[in-house]
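Below, each chain spelled out in residue letters.
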Amino acid sequence: MLVNRTNLPRHVPWMVFALAATVLAITWYVADGLRRPGAAGGGTLPGLSFGIVGGAIIVFEFLLWPRKMVRAWRVGRAEAWLRAHIWLGLLTVPLIVLHSGFRWGGLLSTMLLAMFLIVIASGVAGLLLQQLLPTVMLDELPAETIYTQIDHVLGEIRADADRLVAAVCGTASQGGDGDSAVAGDDRPITFEVMRRVGAVEGRVLEVVLPGEPVPGAELLEQFYHRTVRPFLEPSGVRASTLRMPKQAERAFHELRLRVGPAAEPAVHALEKVCEQRRQFDRQARLHFWLHSWLCIHLPVSAALLGLMALHAWKALEYW
Amino acid sequence: MPNQETGKQRAARIPLDYFKKPGPLERVKRALTGVAALGVIGWWGSGMLRPHREAMRYSRGPVAAAHAVWDAQCDACHVPFRRIGAASWSGAGRCETCHAGPPHHAAERPGDTPSCAQCHREHRGRDASLVRIADADCLACHDHLAAHTQPEARPPGAEFASHVGRFDRDHPDFKIPRESPGTDPGKLHFNHARHMAPGMVLTNDGSVLTNDGSSFTLADIPAAERERYRGRGASGAATPDSAAVQLSCAACHQLDNAHASEAAEHAASRPQPARPRGAYMLPIRYDEHCRACHPLTFDTELAGRTVPHPLAPDAVQDFLENTYAAQYLLEHPESLDRPAATRTMPGPSSEQQNKARDAIERKVATAGRLLFLGQTTCAECHAFERQAGAVVPEQVLPTDVPTVWYRHATFDHAAHRAVSCRDCHGGAYPDSPQASVKSSDVLLPGIAVCRRCHAPAQALASDRGGGAGFACTECHRYHNGDHPLEGLGAPRRGAAVELNIEQFLSAPAPK
């Protein structure tokens, strides 16, 4: 969730509430602590209260997951849930630390506190990443597509490229895809390419009409099958020279010099396809960092919830 | 123109229900969440497989070494779903299974009695002390004591400082003894300064100490006990018999673990019971500490004959009569040369009998005056209760020297063994400005002496001092453990019930 100037007013009430609750909790804890030596733990009235409130908040925090899983639920807007998740989650830090009495305690309470800190740290990290990475993606990835569909879209692009090369070179595609183009297919070939107009950059469709084979088509076809086609495979990025923009630009420049101006539209189209492929790769990496923290945050939260229930039961049984 | 792919056709390249199929990251996330949930269940379940160790998982931390037997047995101390609260000490809890104890004070308000766990905090590790109570626990009441006591329940004459704070700042000075602060309640005449002076040459004439020229030497002490008082010269050689006697504190004051029984220990072939740890000084005993210099000689003609100690005045009289009668018979054996009467014969005594009686009574009276009126034997140290004009007192007043001066605080002489006696008891030394020449002097240190060490460490090296503990529990025990009859081992501190080993290990709640 982005917290910026635009939506800050909607966060302010939560921030004020979390801050006021923290101040109140600390005041109560200190006032009670003046009457007893050492740091009061969960056995005192304030400590127990903080534990109960903190535990209830943690349960609420965890409910965000089913709330997002079951989108048909109309229990408040997801955005409102997320704001509450963030600020109530941060409020649990002082509550749980005061509940612990600044001690790790025994095995279970140590595990709980460690897990709690991991959950908080991963959540804060996720929040920070969400402030940064979406902006980066917006700026740098005009070709962004749905993350889970990258491989599928990549397959479509591969098929388009196969048809283009087959049409331009007058040969059957050797790509191996079932719907690959063959010589004689005179349907227009549509490409998504990146285009910048002024400060705006976005995807536009370009149409290439199949025609007679161009001079130097063998070189184009050879370059395509040796360099471009492997790069368009889902796992072909790492080993390819085309993954670096400068190297790709140099490679296509050399190709242009060798195949002549007649093949320029096809070379240009392939270059744009490769650029899109690079953006998909970068999108995948950014997406990983944008969401991978959840692979820590959620499982540890689940474990925290389970152990917290055990802790509550045992603590109340022997307090 | 052949058919060109439309925008709608291109949009349809991505299936509309794509979101129903989770991506790889989502699948990993779900799998890890499942593993975490299973891990929690497995962790909980594995504890059930080892029930004897399961409790350790949920313990707040290891209990103190004294309770380590019950580390994995929560029920030994806890009553399930009942807090160890103020009611615990009144039988609802399980502390009393092993720990009985008197109330802290008769005048404490019942509602202010803290729970066991309020002061004795457990689960802080094996080496944590359960008796090192934080000052705040004590000051919760003693900071404003009036609000926490029942005035009507206070013992008559009892005075309490209504506000006590930190030892080095807000602790009242010691009242020693409590009944008559600053005055020794003892009725034993004793001049510390004179006894600590070489040769005991000081006269007891009030606060002015003068030399009367008569030195007490080793030769004046019976040979059998002389070695105890023989000192060492500068060269390390033993001082000759002509040397003046120089007593040290240890000549009379011995720790309760001192060498009085060492000879017996060495001589005995069987092990001796453990001795006290040397916290307190043993009471002064005439036979051990006084007799060598103060023999109870009552007649110069009966050299070596002394009155036994202790004896009541009547018994002393009997002793004297028996002694002089035996002496008379030894000197007049003809007195025995007459038929033994089987019953008291009527009529006046014979002249011989009267003569004997007169002689014995004269000597008994002379010895009695020496003992009870003179200044060299009994009367030198003891005070008497007697009728006006009488020689023989009705009784010797009890000495009443306190065995333990700090009756509501502990002190450990052994812990302070490296510190010179003079630093705390300077009045005992003749060269001290406060040299004690009166029996009523109290030679115990005030709080200022204690604070030289028992205070926070001084920051400046030039102002060296402090650093030793200054918590309340350095000297005080809440459960009256500093009281002679209520310390550990006293019946009032006994267990509520006696258990066999199996019961002890399972620590049942008191019936």
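Residues numbered from 1 in each chain as written. Chains lettered and ligands numbered in written order. Predicted model: local features only at pLDDT ≥ 70, side-chain atom pairs only at ≥ 80, totals over all residues. Heavy atoms only, no water.

### Some details on the overall build of chain B
The line we're drawing: The numbering of helices and of strands both runs from the N terminus, where a helix is a DSSP run of H or I of at least 4 residues and a strand a run of E of at least 2. Buried, partly exposed and exposed residues are distinguished by accessible area as a fraction of the type maximum, computed with a 1.4 Å probe on protein chains only: under 20%, between the cut-offs, and over 50%, respectively. Whether two residues are in contact is decided by their heavy atoms: any pair within 4.5 Å suffices. For the area figures, the Shrake-Rupley method with a 1.4 Å probe applies, and any residue is considered shielded solely by the protein chains shown.
Within chain B, the regular secondary structure consists of 16 helices and 2 strands. Across the 511 residues in chain B, those meeting the buried criterion constitute 29%. A separation threshold of at least 6 residues defines the contact pool for chain B, and within that pool the share at least 24 residues apart is 57%. Of the accessible surface of chain B, which amounts to about 31700 Å², a share of 58% is contributed by carbon and sulfur atoms.

### A closer look at the overall build of chain A
For chain A, the helix and strand inventory stands at 10 helices and 2 strands. Counting helices and strands in the order they occur from the N terminus, chain A gives α-α-α-α-α-α-β-β-α-α-α-α. Considering chain A as a whole, with its 319 residues, one finds that 45% of them fall into the buried category. A total of about 16200 Å² of accessible surface is found on chain A, and carbon and sulfur atoms cover 65% of it.

### Looking at helix α11 (residues 313-331) of chain B
Residues and elements named next belong to chain B. Rules: How far a helix is expected to stretch is found by multiplying one less than its residue total by 1.5 Å. Relevant arc is that of directions from the helix axis to the C-beta atoms, nothing else.
The end-to-end C-alpha distance of α11, which contains 19 residues, comes to 27 Å, matching closely the 27 Å that a straight helix rising 1.5 Å per residue would cover. Taken together, the buried positions of α11 are occupied by Pro313, Val316, Gln317, Phe319, Leu320, Thr323, Tyr324 and Tyr328. Down the axis of α11, the smallest arc covering the buried residues is 165 degrees, so these residues share one side. The exposed residues of α11 that point more than 90 degrees off its buried face are Asp314, Asn322 and Leu330. Looking at the buried side of α11, the elements it contacts are α12 (351-372) and β2 (395-396).

### Overview of the pattern of salt bridges
Residues and elements named next belong to chain A. Convention followed: Any carboxyl oxygen of Asp or Glu that lies within 4 Å of a side-chain nitrogen of Lys or Arg is treated as forming a salt bridge with it.
For the structure on display, the rule yields 26 salt bridges over all chains. Linking Arg256 and Glu271 is a salt bridge whose minimum nitrogen-to-oxygen distance equals 2.5 Å. One end of the pair, Arg256, is in helix α8 (residues 245-259); the other, Glu271, is in helix α9 (residues 264-291), with 15 residues separating them in the sequence. The exposure class of Glu271 is buried, given its relative accessible area of 18%. Where Lys314 meets Glu317, a salt bridge forms, and the shortest distance between an N and an O atom there is 3.7 Å. Linking Lys314 with Glu317, this pair stays in helix α10 (residues 294-317), spanning 3 residues, or about one helical turn. Each member of the pair, Lys314 as well as Glu317, carries the same accessibility label: buried. Several salt bridges share partner residues, and in doing so they unite Arg10, Arg77, Glu79 and Arg83 into one network.

### Considering a nonpolar patch on the surface
What counts here: The patch calculation keeps residues exceeding 30% relative accessible area without a salt bridge and links them within 9 Å when they carry like charges or within 5 Å when they are nonpolar (Val, Leu, Ile, Met, Phe, Trp, Tyr).
A contiguous nonpolar patch, built from Leu8, Val12, Met15 and Val16 of chain A and spanning about 290 Å² of accessible area, is present on the exposed surface. Relative to the helices and strands, Val16 of chain A resides in helix α1 (residues 8-33).

### Considerations on the packing of α1 of chain A against helix α4 (residues 78-100) of chain A
Residues and elements named next belong to chain A. How we decide: Only the stretch in contact is used when fitting a helix axis, every axis being a line fitted to C-alpha atoms; angles between N-to-C directions are given from 0 to 180 degrees. Oblique is the label for any angle not covered by the other classes, which are roughly parallel (under 35 degrees), roughly antiparallel (over 145) and roughly perpendicular (65 to 115). Crossing handedness: left-handed means the near helix sits turned counterclockwise from the far one by under a right angle, and right-handed means the same turn made clockwise. In this classification, Asp, Glu, Lys and Arg are treated as charged, Ala, Val, Leu, Ile, Met, Phe, Trp, Tyr, Cys and Pro as nonpolar, and every other residue, Gly included, as polar.
Axis separation between α1 and α4 bottoms out at 10 Å; the angle between their running directions is 15 degrees. Classified by the angle their axes make, α1 and α4 are roughly parallel. In the crossing of α1 with α4, the sense of the turn from one axis to the other is right-handed. Together, Arg10, His11, Trp14, Met15, Phe17, Ala18, Ala21, Thr22, Ala25, Ile26 and Tyr29 of α1 and Glu79, Arg83, Ala84, Trp87, Leu88, Leu91, Pro94, Leu95 and Leu98 of α4 make up the contact between the two elements. For the contact of α1 with α4, the class distribution of residues is 15 nonpolar, 2 polar and 3 charged.

### Regarding the confidence of the model for chain A
Applicable threshold: Each residue carries a pLDDT score, the predictor's own confidence in it, on a scale running from 0 to 100.
Within chain A, residue pLDDT values average 85, and 92% of them lie at 70 or more. Across residues 173-183 of chain A the pLDDT falls below 50, and counting only partners more than four positions away or on other chains, this stretch makes 24 contacts in the model.

### Side note on the confidence of the model for chain B
All names here are of chain B. For chain B, mean pLDDT is 81; residues scoring 70 or higher make up 84% of the total. Per-element confidence in chain B is highest for helix α14 (residues 421-424), whose mean pLDDT is 93, and lowest for helix α9 (residues 262-267), whose mean pLDDT is 50. Low confidence marks residues 267-272, where pLDDT is under 50. Its contacts with residues over four positions away, or in another chain, come to 1 contact. Here the prediction assigns the complex a pTM of 0.68, and the interface score ipTM is 0.85.

### Considering the interface of chain B and chain A
This is how it is decided: When two parts are brought into contact, each loses some accessible area as probed by a 1.4 Å sphere; the total of that loss over both is the buried area. Throughout this description, a polar contact denotes any pair of N or O atoms lying within 3.5 Å of each other; where both atoms belong to protein, one of them has to be capable of donating a hydrogen while the other can accept it, and for residues adjacent in sequence the pair is counted only when both atoms sit in side chains.
Contacts between the two partners involve 44 residues from chain B, matched on the other side by 50 residues from chain A. When chain B packs against chain A, close to 4000 Å² is buried across both sides, 68% of that on carbon and sulfur atoms. Put simply, chain B and chain A have 4 residue pairs in polar contact (both at pLDDT 80 or more) between them. Put simply, the parts of the chain that give the side of chain B that touches chain A at least two residues each are α2 (24-49), α3 (51-58) and α5 (135-142) of chain B. Here the side of chain B that touches chain A gets 12 residues from one element, more than from any other, and that element is α2 of chain B. The class makeup of the residues in the side of chain B that touches chain A is 21 nonpolar, 8 polar and 15 charged.

### Quick word on empty space enclosed by the protein
All names here are of chain A. The test is simple: Space inside and on the surface of the protein is sampled on a 1 Å grid over the protein atoms alone, with a cavity defined as a set of points where a 1.4 Å probe fits but cannot get out and a pocket as an open set with protein on both sides within 12 Å along at least 5 of 7 lines; lining residues have an atom within 4 Å of a point. Grid points are joined across faces, edges and corners, and a volume is the space filled by probe spheres set on the points.
Inspection of the entire model under this criterion finds 1 cavity of 30 Å³ or more. By volume, the largest cavity amounts to about 30 Å³. Of all the secondary structure elements, the ones that give two or more residues to the lining of the largest cavity are α6 (150-169), β1 (189-197) and α9. Residues belonging to the lining of the largest cavity are distributed by class as follows: 3 nonpolar, 1 polar and 3 charged.

### A look at the packing of aromatic side chains
Residues and elements named next belong to chain B. Operational definition: Aromatic contacts are taken between Phe, Tyr and Trp rings whose centres are within 6.5 Å, Trp giving its six-membered ring; a plane angle under 30 degrees counts as stacked, one over 60 as edge-to-face, and the others as tilted.
Following the criterion strictly, the structure yields 13 aromatic pairs over all chains and no others. Ring geometry for Trp70 against Phe504: centres 5.1 Å apart, planes inclined by 70 degrees, an arrangement best described as edge-to-face. Taken as a pair, Trp70 in the loop between α3 and α4 (116-119) and Phe504 in helix α16 (residues 501-506) lie far apart in primary sequence, 434 residues in all. Given a relative accessible area of 37%, Phe504 falls into the partly exposed group. Where Phe298 meets Phe319, the ring centres are 5.8 Å apart and the plane angle is 80 degrees; that geometry is what we call edge-to-face. In this pair, Phe298 sits in the loop between α10 (286-290) and α11 while Phe319 sits in helix α11, placing the two residues 21 residues apart along the sequence. Judged by relative accessible area, Phe298 falls into the buried class, the value being 3%.

### Concerning the side chain of Glu225 of chain B
Position of Glu225 of chain B among the secondary structure elements: in helix α8 (residues 223-226). Other than its neighbours up to four places away in sequence, Glu225 of chain B contacts Arg291 and Ala292 of chain B.

### Details of helix α5 (residues 107-140) of chain A
What counts here: Values of bend correspond, residue by residue, to the angle between axes fitted over the seven residues ending at that residue and the seven starting there.
Given a rise of 1.5 Å per residue, 34 residues ought to cover 50 Å, and the 47 Å separating the end C-alpha atoms of α5 of chain A matches this to within 8%. Largest kink in α5 of chain A: about 30 degrees, centred on Gln130 of chain A, with the proline Pro134 of chain A one to four residues after it.

### A closer look at unusual backbone geometry
Residues and elements named next belong to chain B. That bond from His309 to Pro310 is cis: its omega, 0 degrees, falls within 30 degrees of zero. Phi at His123 takes a positive value of approximately 60 degrees, unusual for a residue other than glycine. Among the structural elements, His123 can be located in the loop between α4 and α5.

### Points about the nonpolar core
Residues and elements named next belong to chain A. Selection criterion: Think of a nonpolar core as a cluster: buried Ala, Val, Leu, Ile, Met, Phe, Trp, Tyr and Cys residues, connected wherever their side-chain atoms sit within 4.5 Å.
Ranked by internal contacts, the top residues of the largest apolar core, which has 38 residues, are Leu164, Phe191, Leu220, Val228, Leu242, Phe252 and Leu270. Looking at this core, the elements that each hand over two or more residues are α6, β1, α7 (217-232), α8 and α9. Sort the elements by how many residues they give to this core and α6 lands first, with 10 residues. Discounting residues that sit within four places of it in the chain, Phe252 has contacts with Phe223, Val228, Leu242, Val267, Leu270, Glu271 and Cys274.

### Things to note about the environment of Arg169 of chain B
Take Arg169 of chain B: it is sitting in helix α6 (residues 167-170). In this structure the C-alpha to C-alpha distance between Arg169 of chain B and Arg451 of chain B, which are 282 residues apart in sequence, comes to 9.2 Å.

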